[in-house]
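Coordinate inspection notes
One letter stands for each residue in the lines below.
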Amino acid sequence: WIKQIKCLFALPQANMRAMKDLPIGIIILFMCSYIQLAASSEIKLTNQQQLTETQIFFERATTQAARCETWAVEYDGKCYGVIDRSPYDSKVQECQSQRQALPQGYRLAKYSAEVQQNVVRQHPFSTWRIVYANGDTYGTGNAGCGRCSCGNCNIADNLVEENRTYNVGSCSAWAKVFVVRDLPQAVQVWGVNTRGVVYHRPADGSGSWVQSGTAAPSGTINHVSVAGAMRWAVNSAGNIFKSSVSSGATWTTVDGSLKQLDAGTSEVWGVNTNGDIYYRPVDGSGSWVPSGTAGLSGKVVHVTVGNGWVWSVNSAGNIFKSSVSNKDSWTTVDGSLKQIDAGNFEVWGVNSGGHIYYRPVDGSGSWVHSGTAGLSGKVTYVSVGSGLIWAVTDAGEIFMSHASSMGAWMKVDGALRQVDVSTPVQASYASYFFPAYATGDQIQNLEIQPGTFDFTIDMTVTPSKLSYGILAAMDRAGDGTRQFRLETFASGRVAFANAGISESNGNAWGDPSGYSSDLVTPTAVLSVGTATRITVNRQGAAFKLFVNGAQVDSYMGSSVTQLTASSDSKPFRIGSRLPGIADPFQGQITAASFTYAVTMQATTTTTSTHTPTMTSTLSMTSTLTTAQASYSFPAYATGD
């Protein structure tokens, strides 16, 4: 933990080059009383805000990503612009001259009257017209709505796509393709005190508590939960309320009666005084649906939803879990807890003695007792989100910790009886697509830096020869500094290696020296001439390996590993690694992509009205992210 930082001083690169010839004793360390990290992302640290290096990295990345580029304009939590990145406020009048790839993190913008009125009509976007995702063309605010009165120009099918690049169909009427990306939402912690007043603040512990408006729902609020832009609460009488976070204190009453609830990215779950569990869409649409009870026992008192899993505990402390995709069946989990909270990677809980435990959110592994350094009193409630852990005691004292701090806690000002770390709807920062690879090609990207972010690497590989080779890597042979590689062995197995994953040696099926990462396919999955889809996904400290959409192995690290740093000068490679073109994959690699912040789930089976039963080859879900979901389907034959 960083207890005190006086100053960081950054010398221009030219000065650093000039200093390299000076005697080492001339180099001076500068100390001052304040700290400012790059002008684009300022973070101030005080003794009360003892942030870990991991937290600092997270905050800087969030701050940088939360601003629109200079060519885009912000509206309602999104950035809008034209695909060729011409300035949104430029009054130049031109047509898009060639096909363009989507800018990092952007997608085609869908038409809505609100966006047309409040964004397109208000700015010139360097063209007379823009083209939406459906191919329809609308006038911009250029020259005071000089074309189509800023409305529909009645030019349809005006969007052309080829190999993931886009252009307007014709420049007979000047236009450009319109794109959009979501801004990441700041992670907040929400809580309610003994008087039923709701407060929130940044989940990293910075800032101060802010009261959530003055027009509170009727009755005394005793529980609050927030996911994305939706806020939910229940009062002591069991009444249910919801509100958009952006709408301040404007609450709406929701039908039904619950004593506790938990909001997830797509659904809100709750339990009533009878111990019955219900769920509905997190935006409040639809109606409450009762969960199945198979496998449950006793009276449920608490329920929580995380990344693909629902957890509950009953009045006797028994623990149960269920898959979000199979809400009618529950499985008993070992241990005893009185309160539980599921996050993206882990589920945390507290027992009757006030001790905190956690384990992977899918229930694998075993319960691990959290450290108690800095904690005092008897913990009664714990909440997890984005690697940040918050807890309150029976005396109302508040504490926070970071998942990578190994159980070190910091006391926070204020007094609460319940806390909830919000589940942010984070934007996918960037998606990168690569051309087809053939043996010996050098295909690389210098922008990609996985760092500590979540990511997915996906590709289809067809070996011409089974041998040791690299599928994807940021690695230099003989240099173990912050590296990773997705590699194949002569045995036909595939492994993903980095410093955060343990390895073993003496493996006849491993690399030429017998080594292999412990994240590896259990058997051979590659064969000469056969196309196989390989996918690796990281979510926090959790890694998963997929073959043709089915999960074949996973690995849970002790902390989130920083995989790369730009100063390492290692490009992201497809089919080889440094130096030169080392260890090239023998064969072809197609449809290769790297995407930040996309999570994966194992293959699901969907039965059609005809035989045979079809299984989707891959499911990429947008859990905790607004990245567009992609679904791949098997071959179709008549009647399937």
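Preceding block: the structure.
For the rest of this paragraph, the subject is the packing of aromatic side chains. Scanning all chains against the criterion turns up 22 aromatic pairs. Measuring from centroid to centroid gives 5.4 Å for Phe572 and Phe594, while their planes differ by 65 degrees, and the two rings are edge-to-face. On the criterion of sequence distance, the pair formed by Phe572 in strand E46 (residues 572–574) and Phe594 in strand E47 (residues 587–596) is long-range, its members being 22 residues apart. Members of the aromatic cluster, each reached through a chain of ring pairs, are Phe434, Phe455, Phe484, Phe496, Phe543, Phe572 and Phe594. Above the ring of Trp128, the side-chain terminus of Arg147 is found at 3.8 Å from the ring centroid.

Taken in spatial order, the four strands make up an open sheet running E12-E11-E10-E33, and their pairing is antiparallel. The strands lining the two open edges of the sheet, one partner per strand, are strand E12 (210–211) and strand E33 (418–421). Direction of pairing for strand E10 (residues 188–192) relative to E33: antiparallel, over a ladder of four bridges. Looking across to E33, one finds that Trp190 is bridged to Asp420.

Time to look at the state of the cysteines. Joining two cysteines, a disulfide is a covalent bond between their sulfur atoms. In the structure shown here, the tally under the stated rule is four disulfides. A disulfide bridge connects Cys145 with Cys150, and the sulfur atoms are separated by 1.9 Å. As the torsion about the S-S bond is roughly -95 degrees, the Cys145-Cys150 disulfide counts as left-handed. Each member of the pair Cys145 and Cys150 is classed as buried. Each disulfide pairs two cysteine sulfurs, and for Cys148 the partner residue is Cys153, the sulfurs being separated by 2.0 Å. Its S-S torsion of about 110 degrees marks the bond between Cys148 and Cys153 as right-handed, since a negative value means left-handed. Owing to a relative accessible area of 30%, Cys148 belongs among the partly exposed residues under this scheme.

Each value, and the rule that gives it
Residues numbered from 1 in each chain as written. Predicted model: local features only at pLDDT ≥ 70, side-chain atom pairs only at ≥ 80, totals over all residues. Heavy atoms only, no water. Phe/Tyr/Trp six-rings, centres within 6.5 Å; stacked < 30°, edge-to-face > 60°. Helix = DSSP H or I, 4+ residues; strand = E, 2+ residues; numbered from the N terminus. Lys NZ or Arg CZ within 6 Å of the ring centre and 35° of its normal. Pairing = 2+ DSSP bridges. Disulfide = S-S within 2.5 Å. Buried < 20%, exposed > 50% of the residue type's maximum accessible area, 1.4 Å probe, protein only.

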